[in-house]
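Understanding the architecture of this molecule
Next come the chains, spelled out residue by residue.
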Amino acid sequence: MQIRRFFECLIPVTVCNLKCSYCYVIQRDYRNMKLANMKYSPEQIAQGLTKKRLGGICYFSICGAGETLAQPETLEIAKLLLHEGHFVNITTNGTLTNRFKEIANIDEDDRKRLHFSFSLHYIELQRLSLLDKFFENIKLVHELGCSYMVQLNLCDEYIPYLDEIKRICLENVGAYPQIAATRKEGPGIKDIQLHTSLSKGQYEELGNSFNSELFRYTMENFNVERKEFCYAGERSGTLNLGTGILTKCYADPKGVDIFEDVRKPIKFEAMGHNCGCAYCLNSSHFMSLGVIDNDDRRTYASIRDREKAHWFNDTVKLALNQKLWESNKKYSSTEVAITDLKQKIKMSYYKTRHRVGAFVKRGVKK
């Protein structure tokens, strides 16, 4: 079973029952505690994301700007995508028990293609006495046949608790959590930095003590500018499920609403050598899945699963141990040149428009 494309999906819900200092939504002061105003119903979203329209089975990773499962439509969207034959990941803080109980309403065969990324926000879970509930919900989804992973955002406030976190995770999920490198993303921060007062070496030493392949992969690609031809836009996309806007990646200045007319074909075209990001901001998703052709055989599953603890079921493991370059054609040299030229013109146009707009805005203020 091959994955044709990957979509990083946002649900713009900002409601969350936790308040973590390192949360990018809080750092950017976006936390307004509101449910997303969904432009389209789950049914129309599913109609726009059929295997026929997308060219095959796809992998959707759904994450909210707050708690993903706080949005009422999240599980219904996942259910419909799974019923279509796709694979779905939901990132969650793991505390909304009633939502996890609803998973039993999804067909058993479809649940085998459902994966959860449980974010272990340890201090907040302890403060709110939700830690036991967090692990009980992991046990519940595992018993229902879903795959899962446990992820800890590494930041300074966790340093006194790291040994405790290791012990508790070993007892409850059979392994240490995978480690996510945490970024500073607040107003006024121009250079992308790690969310720590430690040196990079000290920070890496702490992360490596968890024997986390996810952390190693992320740190290896952190702030490394990509110069290869990137197939983001062809093999993957970033999709706002609240608005229907699909972009090639985070650096794409102009997207298209793909749910307004679900009969209309989606034009998939690579970003090429025109990435506007300082580095691949979500390399552990896009690069590990294979949006760039290279010799790195590490896969999405291999850097997340704790194989001895059986976090991933066989269905998810098989699908996410493949690379997107195995199920997609490589562009010819002519196609590469044409794509690069078209994207260069597009990026230049929007950069110029942005500069003109900023100039006009400054003039109006004066």
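Located above this text is the structure these notes cover.
Calculation notes
- Residues numbered from 1 in each chain as written.
- Predicted model: local features only at pLDDT ≥ 70, side-chain atom pairs only at ≥ 80, totals over all residues.
- Heavy atoms only, no water.
- Helix = DSSP H or I, 4+ residues; strand = E, 2+ residues; numbered from the N terminus.
- Buried < 20%, exposed > 50% of the residue type's maximum accessible area, 1.4 Å probe, protein only.
- Expected span 1.5 Å × (residues − 1).
- Arc of directions from axis to C-beta.
- Contact = heavy atoms within 4.5 Å.
- Axes fitted to C-alpha atoms, helices over the stretch in contact; angles between N-to-C directions.
- Parallel < 35°, antiparallel > 145°, perpendicular 65-115°, else oblique.
- Phe/Tyr/Trp six-rings, centres within 6.5 Å; stacked < 30°, edge-to-face > 60°.

Summarising the element assignment, His121 is placed in the loop between strand E4 (114-119) and helix H7 (122-127). Its relative accessible area of 12% is what places His121 among the buried residues.

With that settled, consider helix H8 (residues 131-143). Here H8 spans 19 Å end to end across 13 residues, near enough to the 18 Å set by a 1.5 Å rise per residue. Considered for burial, the residues of H8 that qualify are Leu131, Phe134, Phe135, Asn137, Ile138 and Val141. Along the long axis of H8, the arc covered by the buried residues comes to 155°, so they all point the same way. Within H8, the exposed residues directed more than 90 degrees away from the buried face are Asp132, Glu136, Lys139 and Glu143. On its buried side, H8 packs onto helix H5 (97-101), E4, H7, strand E5 (147-154) and helix H9 (162-173). Positive backbone phi, at 95°, marks Gly145, one or two positions downstream of H8.

In this section: the packing of helix H10 (residues 200-208) against helix H11 (residues 213-221). In contact at an axis separation of 9 Å, H10 and H11 are set at 155° when each is read in the N-to-C sense. Relative to H11, H10 is oriented roughly antiparallel. Residues Lys200, Tyr203, Glu204, Gly207 and Asn208 of H10 form the contact with H11, whose participating residues are Phe215, Arg216 and Met219.

To continue, consider the packing of aromatic side chains. As enumerated under the stated definition, the model contains 22 aromatic pairs in all. When the ring of Tyr122 is compared with that of Tyr161, the centres are 6.0 Å apart and the planes differ by 55°; the resulting orientation is tilted. One end of the pair, Tyr122, is in helix H7; the other, Tyr161, is in the loop between E5 and H9, with 39 residues separating them in the sequence. Between the aromatic rings of Phe134 and Phe135, the centroid separation amounts to 5.1 Å while the plane-to-plane angle is 85°, which identifies the pairing as edge-to-face. Assigned by exposure class, Phe134 and Phe135 land together as buried. Members of the aromatic cluster, joined through ring pairs, are Phe100, Phe116, Phe118, Phe134, Phe135, Tyr148 and Trp311.

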